[in-house]
Amino acid sequence: MSWQDQLPAVRGKLLKDELLGPFTWFRVGGPADVIFLPEDAEDLAAFLKALDPAVPVTPIGVGSNTLVRDGGVDGVVIRLGKAFAKVESRSDNRIFAGSAVLDAILAREAGKAGIAGLEFYRGVPGSIGGALVMNAGCYGSETKDVLVEAYAVTRSGEQITLSNADLEYSYRKSARAAREQLIFTGALFEGRPDEPSAIEARMAEITERREKTQPIREKTGGSTFKNPPGHSSWKLVDDAGWRGKPFGGAMFSPLHSNFLINTGEATAADLEGLGEAVRADVKSKFGVELEWEIKRIGKPA
Ligand SMILES: Cc1cc2nc3c(=O)[nH]c(=O)nc-3n(C[C@H](O)[C@H](O)[C@H](O)COP(=O)(O)OP(=O)(O)OC[C@H]3O[C@@H](n4cnc5c(N)ncnc54)[C@H](O)[C@@H]3O)c2cc1C
């Protein structure tokens, strides 16, 4: 009997051989052996405790930073739903958000509660789970600046609390999350007091700026490459001549040349292939190594 036939009993849902493309912004990629949609944190912890430790586990949020390869993902993919979508303002300018809450919803709710400092989340289309792993941020602010603590379940099913320092944040990275298989279930944030109308006005500015400068209605994954020290990735891609140049069904956006887009019929191989071609070209033309910011998961077809 395979491990898929001996899955632990759960209260949530287990889906077998379901395509992952529809769970991501790029809309490409093969199936997961199993997708687990836990009912709540206890269900998640009990499942992980009982699951064969050799089975790989991959959490996904809303897939706005993830490219799933065409051959799909081995093991169990974990997607958090309704039970993890709570937002609750607390005293002392603090606010709790479950990991399935969209960043923009946290920004909006913080604004309504008169908590300033989380406006930047209006510009990030991911979920809190993704923001905790990616140290998501924009316009000079990032998750590290507003996070008090995060709640997670370990691969062995233990529920833990991590302080901001425990997450070892740097630019678009938590070293702790990269090292350990943590599933974040929620987090506590802290801002500073301000008038809700002033906060709302700052968020409206962010929305306007995004609409003008990023292909936010395309099938994309946000910034494709991290900015190498002393360089802008968009400029390197542009100077190497890749802005708007089709490659299968993939292209670097004519609007923002660090945004890789699926123009309609791309495979994951087209998208990743274009990214790799650009990396090699930039390296040979300018001697600069571009590092992927987009997470690529799974195996080729
Ligand atoms: C149009 C566009 C604009 C963007 N602009 C920005 C920007 O300005 N700033 C910025 O930082 N990012 C930006 N992004 C990228 C993306 O929105 C962020 O990285 C976001 O934080 C990813 O969240 P997600 O829920 O989509 O994560 P996913 O893409 O689903 O996952 C990203 C990583 O987080 C992990 N993960 C997700 N949920 C959990 C969880 N609950 N527990 C443990 N691990 C988890 C995944 O395993 C994966 O490694 C943009 C993306 C798009 C499409």
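Note that the coordinates shown come from a computational prediction; the quantities given were computed from them, not determined experimentally. (Residues numbered from 1 in each chain as written. Predicted model: local features only at pLDDT ≥ 70, side-chain atom pairs only at ≥ 80, totals over all residues. Heavy atoms only, no water.)

J.: Got a minute to help me understand the UniProt feature "domain: FAD-binding PCMH-type" (unreviewed entry) in the protein in this structure?
T.: Mapped onto the present numbering, the UniProt feature "domain: FAD-binding PCMH-type" (unreviewed entry) falls on residues 27-216. Regarding residues 27-216, the helix share stands at 28% and the strand share at 32%, and the terminal C-alpha atoms are separated by 14 Å. (UniProt positions renumbered as here; feature names shortened; annotations may be inferred. Helix = DSSP H or I, 4+ residues; strand = E, 2+ residues; numbered from the N terminus.)

J.: Sorry if this is basic, but what is going on with helix α6 (residues 196-213) here?
T.: Spacing of three or four residues puts side chains on the same side of an α-helix, whose turn is 3.6 residues. If you check α6, its first and last C-alpha atoms are 26 Å apart, about what 18 residues at 1.5 Å a residue would give, namely 26 Å. On its buried side, α6 packs onto α2 (103-112), β8 (115-116) and β9 (137-138). (Expected span 1.5 Å × (residues − 1). Contact = heavy atoms within 4.5 Å.)

J.: Could you clarify how one ought to interpret the packing of aromatic side chains in this entry?
T.: Remark: the centre distance and the inter-plane angle together describe each pair of aromatic rings, the angle taken between the planes. Throughout the structure, instances matching the rule amount to six aromatic pairs. On the basis of an interplanar angle of 35° and a centroid distance of 4.2 Å, the ring pair of phenylalanine 36 and phenylalanine 47 is categorised as tilted. With phenylalanine 36 in strand β2 (residues 31-37) and phenylalanine 47 in helix α1 (residues 41-50), the pair connects residues that are eleven residues apart, well separated along the chain. Phenylalanine 36 gets classed as buried once you look at its relative accessible area, which sits at 0%. Relative to tyrosine 121, the ring of phenylalanine 120 lies with its centre 4.2 Å away and its plane at 35°, an arrangement referred to as tilted. Tyrosine 121 matches phenylalanine 120 in its accessibility class, with the two residues each being buried. One aromatic cluster is present, built from ring pairs that chain together Phe120, Tyr121 and Phe189. Looking at lysine 245, its charged tip hangs above the ring of tryptophan 242, at a distance of 4.5 Å from the centre. (Phe/Tyr/Trp six-rings, centres within 6.5 Å; stacked < 30°, edge-to-face > 60°. Buried < 20%, exposed > 50% of the residue type's maximum accessible area, 1.4 Å probe, protein only. Lys NZ or Arg CZ within 6 Å of the ring centre and 35° of its normal.)

J.: Sorry, what's going on with helix α8 (residues 268-286) here?
T.: Given a rise of 1.5 Å per residue, 19 residues ought to cover 27 Å, and the 27 Å separating the end C-alpha atoms of α8 matches this to within 8%. Looking at the buried residues of α8, the elements they touch are β4 (66-68), α7 (233-239), β18 (250-252), β19 (259-262) and β20 (295-297). With its phi angle positive at about 70°, glycine 287 sits one or two positions after the end of α8.

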